[in-house]
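# Residue-level structural notes
The lines below spell out each chain.
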Amino acid sequence: MNLMKQHHKLIIITAPSGAGKTSITHYLLNCFPELSFSISAATRSPRKGEKDGVDYHFMTLEDFNQKIRENEFVEWEMVYEGKYYGTLKSELQRIWKRHQTPVLDIDVKGAIHVQQQFGKDCLSLFIQPPSLEILQKRLESRGTETADSLQDRISKASYEMSFKQHFNEIIVNDDLDRACSEAARVIGKFLQS
Ligand code: 5GP
């Protein structure tokens, strides 16, 4: 089935890791009942409190590779060294079947690939952290990273910032409430269009 020809809407929220994209995504999902979170496939291990089939479809690298071979992904990326993440076609179909709009919380490269495939049917929001220093502090206080993975995320973040102009809207997250309201305003308009 050709997903692009169906003209279903979808929303992408992208940002460097730690920019506040998860908080903004949760806010939007609460605001708009017509939105549904697109659960990605991922090969990393679940963090404390994360559930398979809720936060991610956690899978082995073998299973992930099998899905690549069978063309089951809209996009996939090795987001961090050896860690693969991807949007399954079946996940988007599941959401559209329920007459909802998927929200994809994905990395910048993946977001660009999805945009290329869906064009005007998709709205992309780039959440920009106020600065890389603040981003580093946020990641440190989250306490989920080792020194190496923190460094990995910071250097990736600075690279990802250089792509922000590719997206429909840039939302600076210097104040979470303001960023959430701005994102909701833009999405409300898109859903009505
Ligand atoms: P985390 O490991 O912190 O849950 O996520 C790491 C990064 O992977 C985040 O930037 C997240 O947006 C991204 N990500 C999650 N799912 C996907 C996906 O399906 N495709 C791509 N390209 N990136 C994803």
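Refer to the preceding data block for the structure.
Before going into details, it helps to say that this report is about the structure given with it. (Residues numbered from 1 in each chain as written. Predicted model: local features only at pLDDT ≥ 70, side-chain atom pairs only at ≥ 80, totals over all residues. Heavy atoms only, no water.)

### Thoughts on the environment of His8
Checked against the element boundaries, His8 lands in the segment before strand E1 (10-14). By relative accessible area, His8 is classed as partly exposed at 28%. Measuring from C-alpha to C-alpha, the distance between His8 and Gly49 comes to 32 Å, with 41 residues separating the pair along the chain. (Helix = DSSP H or I, 4+ residues; strand = E, 2+ residues; numbered from the N terminus. Buried < 20%, exposed > 50% of the residue type's maximum accessible area, 1.4 Å probe, protein only.)

### Observations regarding the site of the ligand
Of all residues adjacent to the ligand, which total 17 residues, the nearest are Lys21, Ser40, Tyr56, Glu75 and Tyr85. Glu75 places a side-chain nitrogen or oxygen 2.7 Å from a nitrogen atom of the ligand. In the model, a nitrogen atom of the ligand is placed 2.8 Å from a nitrogen or oxygen of the Asp107 side chain. Within the complex, 94% of the 510 Å² of free accessible area of the ligand lies under protein. Looking at the shell around the ligand, the elements with two or more residues in it are strand E5 (73-80) and strand E6 (83-88). Broken down by element, the shell around the ligand gets its largest block of residues, four residues, from E5. (Near = heavy atom within 4 Å. Polar contact = N/O pair within 3.5 Å; in protein donor to acceptor, adjacent residues only side chain to side chain. Areas by Shrake-Rupley, 256 points an atom, 1.4 Å probe, with all protein chains shown as cover.)

Take it as geometry only, folks, not as evidence of what the structure does.
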